[in-house]
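Listed here are the chains, written in short residue letters.
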Amino acid sequence: MDTIICGMQQFGVGVTDVVEAYNWYAKAFGTDIKVTDAFGVAERMLPYTGGKPRARRAIIAVSLQGGGGLEIWEPKDNNITPMPSPAQMGDLGIIAGKIRSNNVDAAYAHLSSMEGAKMVTKVCMTPYGKKHFFMYDPYGNLFEVVHDDFIFSDCGMPTGSAHGALIGVTDMDRSIKFYGDLLGFDKVVYDQTEVFDDFAGVPGAQGRFRRVLLDRNEPMIGPLSPVYGPAQIELVQALDRVPVKLFEGRWWGDPGFIQICFDIKNMEGIRQRALALGHDFVCDGGVDFQMGDTDGHFTYVEDPDGTLIEFVETFKITLVKKLGLAIKLKDRDPRTSLPRLVLKGLRFLRAKTIK
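Worth saying up front: this structure is predicted, and the values here are computed from it rather than measured. (Residues numbered from 1 in each chain as written. Predicted model: local features only at pLDDT ≥ 70, side-chain atom pairs only at ≥ 80, totals over all residues. Heavy atoms only, no water.)

Enquirer: Please explain the packing of aromatic side chains as it appears in this structure.
Expert: For any two aromatic rings, the description comes down to two numbers: the centre-to-centre distance and the angle of the planes. Taken as a whole and assessed by the stated rule, the structure comprises 19 aromatic pairs. An angle of 10 degrees between the planes, with centres 6.0 Å apart, marks the rings of Tyr 25 and Phe 29 as stacked. Taken as a pair, Tyr 25 and Phe 29 lie in helix α1 (residues 18-29) at a separation of four residues, close to a single helical turn. A ring pair is formed by Phe 178 and Tyr 179, whose centres lie 5.0 Å apart and whose planes are at 85 degrees; its orientation type is edge-to-face. (Phe/Tyr/Trp six-rings, centres within 6.5 Å; stacked < 30°, edge-to-face > 60°. Helix = DSSP H or I, 4+ residues; strand = E, 2+ residues; numbered from the N terminus.)

Enquirer: How should empty space enclosed by the protein be read in this particular structure?
Expert: Vacant regions in the atomic arrangement are exposed by a probe of water-molecule size rolled over the atoms. What the rule picks out here adds up to one cavity of 30 Å³ or more. The volume enclosed by the largest cavity comes to roughly 70 Å³. Considering the residues around the largest cavity, the lining is formed by 13 residues, among which Met 83, Ala 87, Ile 94, Ile 95 and Phe 257 are closest to the centre. The residue makeup of the lining of the largest cavity, split by class, is nine nonpolar, three polar and one charged. (1 Å grid on protein atoms, 1.4 Å probe; cavity = no way out; pocket = protein on both sides within 12 Å on 5 of 7 lines; lining within 4 Å. Points joined across faces, edges and corners; volume = space filled by probe spheres on them. Nonpolar A, V, L, I, M, F, W, Y, C, P; charged D, E, K, R; others polar.)

Enquirer: Mind showing me how you'd approach the environment of Asn 217 here?
Expert: Mapped onto the elements, Asn 217 comes out in the loop between β12 (209-215) and α4 (225-228). In sequence terms Asn 217 and Asp 186 are 31 residues apart; their C-alpha atoms lie 6.4 Å from each other. What Asn 217 contacts, discounting residues up to four positions off in sequence, is Asp 186 and Lys 187. (Contact = heavy atoms within 4.5 Å.)

Enquirer: Explain the pairing of strand β10 (residues 162-168) to me, please; I cannot follow it from the model alone.
Expert: Two faces belong to every sheet, and in a regular strand the side chains alternate between them. Across the seven residues that make up β10, a large majority, seven, are buried. Bridging between strand β5 (residues 93-101) and β10 involves six bridges; their strand directions are antiparallel. Opposite Gly 97, over in β10, you have Ala 165 as the bridge partner. Judged from the five bridges that link them, β10 and strand β13 (residues 232-238) form a sheet pairing that is parallel. Bridge pairing in β13 links Ile 167 to Leu 235. (Buried < 20%, exposed > 50% of the residue type's maximum accessible area, 1.4 Å probe, protein only. Pairing = 2+ DSSP bridges.)

Enquirer: Please clarify how the pattern of salt bridges should be interpreted in this entry.
Expert: It is possible for side chains of opposite charge to pair when their charged atoms get near one another. Taken as a whole and assessed by the stated rule, the structure comprises 21 salt bridges. The salt bridge involving Arg 350 is made with Asp 32; its shortest N-O contact spans 3.3 Å. With a gap of 318 residues between them, Arg 350 in the segment after α6 (340-343) and Asp 32 in the loop between α1 and β2 (33-42) connect regions that are remote in the sequence. Its relative accessible area of 6% is what places Asp 32 among the buried residues. (Salt bridge = Lys/Arg side-chain N within 4 Å of Asp/Glu carboxyl O.)

Enquirer: How do you make sense of the nonpolar core when you look at a structure like this?
Expert: Within soluble globular proteins, side chains that are nonpolar generally end up buried alongside one another. Counting residues in each nonpolar core, the largest one holds 59 residues, and the members touching the most others are Tyr 25, Phe 262 and Phe 311. Ranked by the residues each element gives to this core, the list is headed by α1, at nine residues. Residues contacting Phe 311, with those up to four places away along its chain left out, are Leu 182, Leu 183, Phe 262, Ile 264, Met 267, Ile 270, Phe 281, His 297, Phe 298, Thr 299 and Val 301. Grouped together as the second largest cluster of nonpolar side chains are 18 residues, Val 62, Val 227, Ile 317 and Leu 346 included. (Core = buried A, V, L, I, M, F, W, Y, C linked by side-chain atoms within 4.5 Å.)

Here you go:
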């Protein structure tokens, strides 16, 4: 079976209060579909947790408006190390999470009214002529809200959910090859080197950068792809300073963006792709992994600068546990999308607020 990239499933964000963060993101971005909510111990990420299992509560939340989700992750071990200072443009790791919006002006007005939001830029244009802006959530995480027309189900929100990530790199050509060969982001939308006016206001953005936006020539396919929609990876290389690694001296799950995750089919196939690039799995959760009422197989690789990329092959999503109602994916045709009516069953998981 060919390896299939079904979509960007989520990006992980570490917080110190998962309940508060879930409620804020649900109101801000419409991510009120609580796919899973799991207390437990992360025992399979030891290279990134000081060699010790790490207690945590993790919630994966998506929006039926469309897009990837957020994995909101709260460590429960009383050993949390925040970032010493805000991420600077070009630092190594996930600098900003991208959020899609089909009405950026309305999204700006909506988010400006949110308690705790800090607007970093005004609405302006990307190098490829799309409206966007940058903002901070209440926890110091930088988000880029960018125009994209994709909607799965109109929920009346000016935003969908995750659309990709802005990632700092040290060798642009090497990273372009990595994301193209491994994940199929093989379409260069733009490749520009300059001082970018639309970055003005973002920490560390005063200098020159090489900036490349990657898309895919082939659309995402697979059971859940109609919900995820398209995604983009934007790579930024600082040319006037030496960047720092955002998770240097900190553990996986500490505050900040943790990983970017892709829903895939054929885990062994993705491993062979990674090996061909010199990037074997750094963690393998095995095929018996359960996160709350969701089953699957997760693995991780590092990009050339150590940014964590997660792969998840989802086997089951429980919709109504007491009725045994679930979306079962393990034995389905991996190239065929689930019917929209079935996917809209995710509404059974809606939780606008949690406690």
